[in-house]
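# Descriptive structure summary
Here's the letter readout for the chains.
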Amino acid sequence: MKLNHVVESQQFTVPLLMELFERTKSMERTVRRGGTRDYEHAIMGTLFYRPSTRTRFSFESAMYRLGGRVLSTEHAMEFSSEVAGEKLEDTIRIIGHYCDVIVLRHHEEGGAKRAAAVSPVPVISAGDGTGGQHPTQALLDLYTIYRECHTLDGLSVALIGALDQGRTARSLAYLLGKFDRTKLYFIAPEEMQIKPDILEYLEKHGVSYELASDTRDIISHVDVVYQTRIDRERLASKDIDLTPYNIDRAVLEKMRSDAIIMHPLPRSVEIDHAVDDDTRAAYFRQTQNGLYVRMALLTMLLDNE
Amino acid sequence: MKLNHVVESQQFTVPLLMELFERTKSMERTVRRGGTRDYEHAIMGTLFYRPSTRTRFSFESAMYRLGGRVLSTEHAMEFSSEVAGEKLEDTIRIIGHYCDVIVLRHHEEGGAKRAAAVSPVPVISAGDGTGGQHPTQALLDLYTIYRECHTLDGLSVALIGALDQGRTARSLAYLLGKFDRTKLYFIAPEEMQIKPDILEYLEKHGVSYELASDTRDIISHVDVVYQTRIDRERLASKDIDLTPYNIDRAVLEKMRSDAIIMHPLPRSVEIDHAVDDDTRAAYFRQTQNGLYVRMALLTMLLDNE
Amino acid sequence: MKLNHVVESQQFTVPLLMELFERTKSMERTVRRGGTRDYEHAIMGTLFYRPSTRTRFSFESAMYRLGGRVLSTEHAMEFSSEVAGEKLEDTIRIIGHYCDVIVLRHHEEGGAKRAAAVSPVPVISAGDGTGGQHPTQALLDLYTIYRECHTLDGLSVALIGALDQGRTARSLAYLLGKFDRTKLYFIAPEEMQIKPDILEYLEKHGVSYELASDTRDIISHVDVVYQTRIDRERLASKDIDLTPYNIDRAVLEKMRSDAIIMHPLPRSVEIDHAVDDDTRAAYFRQTQNGLYVRMALLTMLLDNE
């Protein structure tokens, strides 16, 4: 299957996901062996209009482990001709002459699609807009579940936090809906519940789901807890109790012994640091998987050239 | 011919230009073959006191295609000891221990010359001051004309825009004046016409030129249209009509079929996007040539070491 | 001897210093030969919460001369999740998945120790806090004395400037105190003299020292002059005469012919530029030694893996 650009998680069919995950597994082995030099002539351009040191490092490390080079800008918005009113399309046409693949984080929803439409080289979105897509996060999330649970069929997954805005939770719900017998629990304060478009999508595809408002009611049923952040500032009533949406040792005790806790990070108080040492805390393994998934995506795009 | 530093376009004689352009052609082949590793031990330091993502990426990509490494600062002004009042000369003496060639964009006119005077390694100016030199831009402009027109003799070239401040147009006029039977047209609003120093230089060297105020009067005569930007804010009378200085499909129709349109980019409205698909639109090829010219310059400097 | 992290100069015993300096000498030869590729699979992450282009370049150049790769952030404070309130510990745990060694400059005293406590890979402090440690500076200072004076025993060293805050002078005094028959002169305006904790340490270890207030009284006795900066703004009485703390050609004439002048740089007016051409001016050689010392440290840490 040919992959030209990575702009949204919806473009990934189940067979393409499986091909990606096979490559990802082989990348784990490659890294353990100290990396490869197979892509030593390849140059990746990382163009971040919104800074994100962690996501940038993850992509750049992926390219280095493949043997390649990196052109990098931490803050293209501040440091580029965009200031002078240049259109994104012109920037991409030019930067595309200097590298073999572009990683773009853009501040406007749809930026990645616009870039892909004119780019002479493959474009990978590292997130666009605030409500937009962040497809590689969704892919590494799904790979983590696959890697930890050894299957993607028949899983019960609780998604917790500010689900209305959380693009990671939204994308993951979308991707999980493609697999058999998935059961999703959306746990959020009422004003931050998942938006109807996702629920309609799930109903259309016969995916079972439940809305809930307390993690503790659900936690013992699930294979995966996908925790996200709640910004207290966003809550209309500032004295709302957020305890039902936090994970601490008490919540941990109710979890199944083979369940896992995920989080896209950075976290605030919603996962207590006392939870970190539990083997079920998978969030640091999850960020490590980001490296392997991005390596796999880069090889799929560069092998096309 | 030995090249020690690249600080101004005037230092390039016609034989040196021809040597550079021969190397540049061979770099096009090198890039098509996937780059070289001949300079894998070389380190380039890019020291930008004014951020310019595109110029920086062009230099850094050039170094990578040669196999080398890059030390990079996006915004040395903000991030360096210059804040603490350190003199540029001290900075260069120190950074010169960490790399094999320095690419410097400095905010003060003459910064590149001051750096070259004390540097233990070759210095390439990536622009200094606002009215100062940007020699690699002038060289890639000239190479583009050579590459597209297959000669540098007997060419008619129209330079359009805010020519008084446009260092790219000024440098190009200077270099073109070195070749036989050049004819230059300077097309600008009266208050932004090319400055007398360039005209005196052209007269002294017997180069034919004309001043004009409407592109449409000239366009059918020329081999090359070199379009630059006009910042409307600079115009004393804000309601001046800029149509005579823009290029759109109507202007395109009057151009010769073998003529080309160039622009140093970024552009604003002065070249309509509808022009982009015409084969005569050479401005994206021009930025690509920047990569090859910079590779060639780097090899000339590093081969001296 | 196994080196796990480099967080403070106190962790270096005399035998470990000697092992480091042997490696450092061999790195001088490696660089003269054009570098090595022995560490081509290694990735260094440079995480600077306070920008310092020079220190960053020194580390990154060291990694490149060893053949490795670099993930770099010029200004992690501005560009990272720290903005979102993420704890340093979480950042380090994640970044540690993307590289083989972390170079950290943190704005809080003790940041490097906190990072080392949780990091999955070795951490090198590139300075923390304002009064905190900057161990690699202390090590390159000591190596420079060793390299220039061919011994570390029986040396007379004058430390000049704002010694109360100067972490470089403090660390150097500490390290020099480990060697036989050291004699230290602390020369500073009274309100900026070295703090009692260092003097107590010296007394406890039987190291001879003197406090003084004029460089010219001492200069003819010493092997090494270690000059640092005085920020005039810090002085309570703004019209205090700083001449006794400056080095110019007149002071130079009183120095021994085999003595050396050092400075951690950047300098302001405290060393006159007329001094630069004297062979005793060792401050630019000192910065070059920083490259070799950092290469040696990186190999000691990476060889452990």
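Residues numbered from 1 in each chain as written. Chains lettered and ligands numbered in written order. Predicted model: local features only at pLDDT ≥ 70, side-chain atom pairs only at ≥ 80, totals over all residues. Heavy atoms only, no water.

## Looking at the overall build of chain A
Scanning chain A from N- to C-terminus turns up eleven helices and nine strands. Expressed along its principal axes, the backbone C-alpha trace of chain A runs to roughly 55 × 45 × 40 Å. Both charge centroids of chain A, one from 37 positive and one from 45 negative side chains, sit 4 Å from each other. (Helix = DSSP H or I, 4+ residues; strand = E, 2+ residues; numbered from the N terminus. Lys, Arg positive; Asp, Glu negative; His and termini not counted. Charge placed at Lys NZ, Arg CZ, Asp CG, Glu CD.)

## What to know about the relation of the copies chain C and chain A
Expressed as a screw operation, the relation of chain C to chain A combines 0.0 Å of axial shift with a rotation of 120 degrees, fitting to an RMSD of 0.0 Å. Taken together, these values place the two copies in the relation of a three-fold axis. (Least-squares fit on C-alpha atoms with pLDDT ≥ 70 in both.)

## Things to note about the relation of the copies chain B and chain A
Each of the two chain copies goes to the other by way of a rotation about an axis and a shift along it. With an RMSD of 0.0 Å, the operation that places chain B on chain A is a rotation of 120 degrees combined with a shift of 0.0 Å along the axis. Interface residue correspondence from chain B to chain A reaches only 19%, placing this contact among heterologous pairings that use different surfaces. (Contact = heavy atoms within 4.5 Å.)

## Quick look at the domain arrangement of chain A
Residue and element names in this part refer to chain A. Domain annotation of chain A identifies domain 1 (9-134 + 290-302) and domain 2 (135-286). Of note, the centres of domain 1 and domain 2, computed from C-alpha atoms alone, are 26 Å apart. Summed over both partners, the interface of domain 1 with domain 2 comes to about 2,200 Å²; 62% of that surface belongs to carbon and sulfur atoms. By the criterion of area lost to domain 2, the three top residues of domain 1 are Ser9, Phe21 and His134, representing 29% of everything that side buries. Linking domain 1 with domain 2 are one salt bridge. Between Glu28 and Arg147 there is a salt bridge; the shortest N-O distance is 2.6 Å. Viewed at the interface, domain 2 and domain 1 are joined by nine residue pairs in polar contact (both at pLDDT 80 or more). Broken down by element, the side of domain 1 that touches domain 2 gets its largest block of residues, nine residues, from helix H1 (residues 14-32). For the side of domain 1 that touches domain 2, the per-class residue count stands at ten nonpolar, twelve polar and seven charged. (Domains from an automatic or database assignment. Buried area = accessible area lost by both parts, 1.4 Å probe. Salt bridge = Lys/Arg side-chain N within 4 Å of Asp/Glu carboxyl O. Polar contact = N/O pair within 3.5 Å; in protein donor to acceptor, adjacent residues only side chain to side chain. Nonpolar A, V, L, I, M, F, W, Y, C, P; charged D, E, K, R; others polar.)

## Some points on the pattern of salt bridges
Any two side chains of opposite charge can pair if their charged atoms end up close together. Within the structure shown, the criterion is met by 72 salt bridges over all chains. Across the pair Asp278(B) and Arg280(B) runs a salt bridge whose closest N-O atoms are separated by 2.9 Å. Grouping residues by exposure puts Asp278(B) and Arg280(B) together as buried. Linking Lys183(C) and Glu210(C) is a salt bridge whose minimum nitrogen-to-oxygen distance equals 3.1 Å. Linking Lys183(C) in strand E6 (residues 183-187) with Glu210(C) in strand E7 (residues 208-212), this pair joins segments that are 27 residues apart in sequence. Given a relative accessible area of 36%, Glu210(C) falls into the partly exposed group. A network of salt bridges, in which partner residues are shared, links Arg37(A), Glu40(A), Arg37(B), Glu40(B), Arg37(C) and Glu40(C). (Buried < 20%, exposed > 50% of the residue type's maximum accessible area, 1.4 Å probe, protein only.)

## Observations regarding the environment of Val101(C)
Residues and elements named next belong to chain C. Within the secondary structure layout, Val101 lies in strand E3 (residues 101-106). Between the alpha carbons of Val101 and Met44 there is a distance of 5.0 Å; along the sequence they are 57 residues apart. Once you skip the residues sitting within four places of it in the chain, Val101 turns out to touch Ile43, Met44, Gly45, Val121, Pro122, Ile124, Leu298, Leu301 and Leu302.

## Thoughts on the confidence of the model for chain A
Looking at chain A, pLDDT values average 93 and 96% of them are 70 or higher. Across chain A, element-level confidence peaks in strand E9 (residues 260-262) of chain A with a mean pLDDT of 98 and bottoms out in helix H3 (residues 76-79) of chain A with 66. (pLDDT = per-residue confidence, 0-100.)

## A few points about the pairing of strand E2 (residues 69-73) of chain A
Residue and element names in this part refer to chain A. For E2, a buried count of five out of five residues is recorded, marking the element as mostly surrounded by other parts of the structure. Taking every second residue as pointing to the same face, both faces of E2 are buried, with Arg69, Leu71 and Thr73 on one and Val70 and Ser72 on the other. After leaving strand E1 (residues 43-48), the chain enters helix H2 (residues 53-65) and then returns to the sheet as E2, a path that is right-handed. (Right-handed = clockwise from strand over helix to strand, strands pointing away.)

## Observations regarding unusual backbone geometry
The step from Leu265(A) to Pro266(A) runs through a cis peptide bond, and the omega angle for that step is 0 degrees. Assignment of secondary structure puts Pro266(A) in the loop between E9 and helix H11 (283-304). The backbone of His150(C) sits at a positive phi, close to 65 degrees, despite the residue not being glycine. Within the secondary structure layout, His150(C) lies in the loop between helix H6 (135-149) and strand E5 (156-160). His150(C) gets classed as exposed once you look at its relative accessible area, which sits at 66%. Residues other than glycine seldom take positive phi values, yet Arg181(C) does so here, at roughly 55 degrees. Here Arg181(C) lies in the loop between helix H7 (167-176) and E6. Look at Arg181(C) and you get exposed, because its relative accessible area is 65%.

## Section: the sheet that holds strand E4 (residues 123-128) of chain A
Residues and elements named next belong to chain A. Reading across the sheet, the four strands line up as E2-E1-E3-E4 and stay open at both edges, with parallel pairing between neighbours. Two strands bound the open sheet, and with one partner strand each, they are E2 and E4. Averaged over neighbouring strand pairs, the angle between their axes works out to 15 degrees when direction is ignored. Where E1 meets E2, five bridges bridge the pair, whose relative direction is parallel. Across the sheet, Ile43 pairs through a bridge with Arg69, a residue of E2. The strands touched by H11 are E1, strand E3 (101-106) and E4; relative to E3, the strand with the most contacts, the crossing angle is about 130 degrees. (Pairing = 2+ DSSP bridges. Axes fitted to C-alpha atoms, helices over the stretch in contact; angles between N-to-C directions.)

## Here's the deal with the interface of chain B and chain A
Facing the 31 residues of chain B at the interface are 28 residues of chain A. With both sides pooled, the region where chain B packs onto chain A buries about 2,600 Å², and carbon together with sulfur makes up 53% of that total. A per-residue breakdown of the area chain B buries against chain A is headed by Arg54(B), Phe57(B) and Tyr64(B), which together make up 24% of the total. Between chain B and chain A we count five salt bridges in total. Here Glu86(A) ties to Arg54(B) by a salt bridge, and the two come within 2.4 Å at their closest N and O atoms. Run the count over chain B and chain A and you get 16 residue pairs in polar contact (both at pLDDT 80 or more). Breaking the side of chain B that touches chain A down by element, the ones donating at least two residues are helix H2 (53-65), helix H3 (76-79) and helix H11 (283-304) of chain B. Per-element accounting of the side of chain B that touches chain A gives the leading share, nine residues, to H2(B).

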